[in-house]
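Understanding the architecture of this molecule
Here is how the chains run, residue by residue.
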Amino acid sequence: MFSGARKETGAITTTESIDERKERYAAMVDHFYNIVTDFYEYGWGQSFHFAPRWKNETFMESIKRAEYHIASRLGLKKGMHCLDLGCGVGGPMRNIAMFSGAKITGITINQYQVNIGNKYNQNMGLSHLCQSTQGDFQNLPFPDNTFDGAYEIEATCHSPDRVKCFTGVNRVLKSGAKFCGYEWVMLDRYDPNNKEHVRIKEGIEVGNALPTLVHYSEIIRNMEAAGFTDIQYYDANEGVHSPSQIPWYDTLTGKMSLSGFRMTHLGRLCTHSMVWTLETLRIAPAGSTKISALLNATAIDLVDGGRAAIFTPSFFFIGTKK
């Protein structure tokens with residue numbers, strides 16, 4: 001599915017390559033998260049996403065603020081029922097439930113994430129508000145007009161057909177309910193004729209099991225095609241290089257501190273060596289070392305994309321069901 005990736009720039013941007021990933025997305029994404037979920041939790045925590053960050057704001061404060069913004073824009077409160085598409089291990093749903101009092105049902109294609117997420121829900125005393133379920137957000141297994149709101153956080157970038165995905169969301173929402181999210185997209189500065197830009201884009205795609213990254217305008221077209229109205233949007237990282245903000249990709253560069261060491265180049269090498277040892281001893285599953293190397297390379301691609309301002313993981317959009 002990623003034949004030639006990182007070896008020949010442009011190899012995975014062909015129509016044939018993209019179509020293959022779209023056709024096999026379910027198995028691709030499920031397999032990817034079977035392997036990377038523990039890596040993500042180790043390196044990032046329970047909320048698998050980026051966030052805009054102000055100076056004097058900690059990493060976790062910025063993560064929670066991005067999640068609380070979703071709760072605020074959806075108008076969530078006690079007694080409401082909200083859908084989380086691509087919920088991962090449920091970090092955002094738990095934070096949003098605690099913040100708003102709303103009930104959150106999450107869906108993820110990966111059963112391993114469901115098992116972990118529901119265990120966390122129970123351990124934190126949130127099972128009455130938070131529930132993860134296994135399923136495909138391309139074919140939502142919920143009745144029409146079920147939810148008072150819905151959101152996705154850096155999840156539908158895995159979708160092979162966002163119009164189908166968003167149309168499904170529209171179906172399960174009640175009339176007047178809102179759907180919002182943070183999406184991974186390419187920005188106006190991206191030049192498909194610039195070989196370095198294509199290299200970065202492809203590196204992000206292969207390192208995150210994505211069919212293909214699109215320009216942000218495509219998200220708006222998809223929302224309109226799915227029947228949403230009153231659509232609003234902006235890049236939450238538009239001030240990424242402001243002196244008053246810390247770039248969203250800063251954590252990936254790592255700092256020589258107790259908490260940041262694992263994300264430094266040396267820290268990633270140490271982690272990679274540890275993973276190799278565990279796999280050699282058959283403690284870690286086969287393929288873990290390759291995934292570790294892949295994630296290390298992808299971290300560099302994400303930083304490059306952020307510094308060049310050709311990519312953002314936080315394109316915010318929101319629309320209303322008629």
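Use the structure listed above.
The following refers to the structure shown. Remember, predicted model here, so these are calculated numbers, not experimental data.

**Side note on the overall build of the chain**
Secondary structure summary: the chain contains 11 helices and nine strands in total. Its C-alpha radius of gyration of 19 Å places the chain within 12% of the 20 Å reference for a compact globule of 322 residues. Per-residue burial over the chain gives 57% buried out of 322 residues. Intrachain contacts of the chain at a sequence separation of at least 6 include 75% that bridge at least 24 residues.

**Examining the side chain of E183**
Counting through the fold element by element, E183 comes out in strand 6 (residues 173-186). Reaching out from E183, the side chain makes a polar contact with the side chain of T156 at a distance of 2.6 Å. Those residues in contact with E183, other than ones at most four positions away along the chain, are E152, T156, C157, R162, I219, T312, P313, S314, F315 and F317.

**Brief notes about the layout of surface pockets**
Computed from the structure, the largest pocket encloses a volume of approximately 390 Å³. Mapped by element, the contributors of at least two residues to the lining of the largest pocket are helix 2 (25-44) and helix 11 (288-307). Of the residues forming the lining of the largest pocket, the biggest block, five residues, is contributed by helix 2. Looking at side-chain class alone, the lining of the largest pocket contains 11 nonpolar, two polar and two charged residues.

**Considering the pattern of salt bridges**
Applying the stated criterion across every chain yields a total of 11 salt bridges. Its salt-bridge partner being R24, residue E20 comes within 3.0 Å of it at the nearest N-O pair. Here E20 falls in the partly exposed class, since its relative accessible area comes to 29%. Relative accessible area serves as the criterion here: at 42%, R24 is assigned to the partly exposed category. A salt bridge links E183 to R162, with the nearest nitrogen and oxygen atoms 2.9 Å apart. A residue pair is termed long-range when its members are at least 10 positions apart, and E183 in strand 6 and R162 in helix 6 (residues 162-172) qualify at 21 residues.

**Considerations on the packing of aromatic side chains**
Summed over the entire model, instances satisfying the criterion amount to 21 aromatic pairs. Taken together, a centroid distance of 4.2 Å and an interplanar angle of 10° make the contact between Y68 and F99 stacked. Of the two residues, Y68 sits in helix 3 (residues 59-74) while F99 sits in helix 4 (residues 91-100), which places them 31 residues apart along the sequence. Y68 gets classed as partly exposed once you look at its relative accessible area, which sits at 27%.

Conventions adopted
- Residues numbered from 1 in each chain as written.
- Predicted model: local features only at pLDDT ≥ 70, side-chain atom pairs only at ≥ 80, totals over all residues.
- Heavy atoms only, no water.
- Helix = DSSP H or I, 4+ residues; strand = E, 2+ residues; numbered from the N terminus.
- Rg over C-alpha atoms; globule rule 2.2 N^0.38 Å.
- Buried < 20%, exposed > 50% of the residue type's maximum accessible area, 1.4 Å probe, protein only.
- Contact = heavy atoms within 4.5 Å.
- Polar contact = N/O pair within 3.5 Å; in protein donor to acceptor, adjacent residues only side chain to side chain.
- 1 Å grid on protein atoms, 1.4 Å probe; cavity = no way out; pocket = protein on both sides within 12 Å on 5 of 7 lines; lining within 4 Å.
- Points joined across faces, edges and corners; volume = space filled by probe spheres on them.
- Nonpolar A, V, L, I, M, F, W, Y, C, P; charged D, E, K, R; others polar.
- Salt bridge = Lys/Arg side-chain N within 4 Å of Asp/Glu carboxyl O.
- Phe/Tyr/Trp six-rings, centres within 6.5 Å; stacked < 30°, edge-to-face > 60°.

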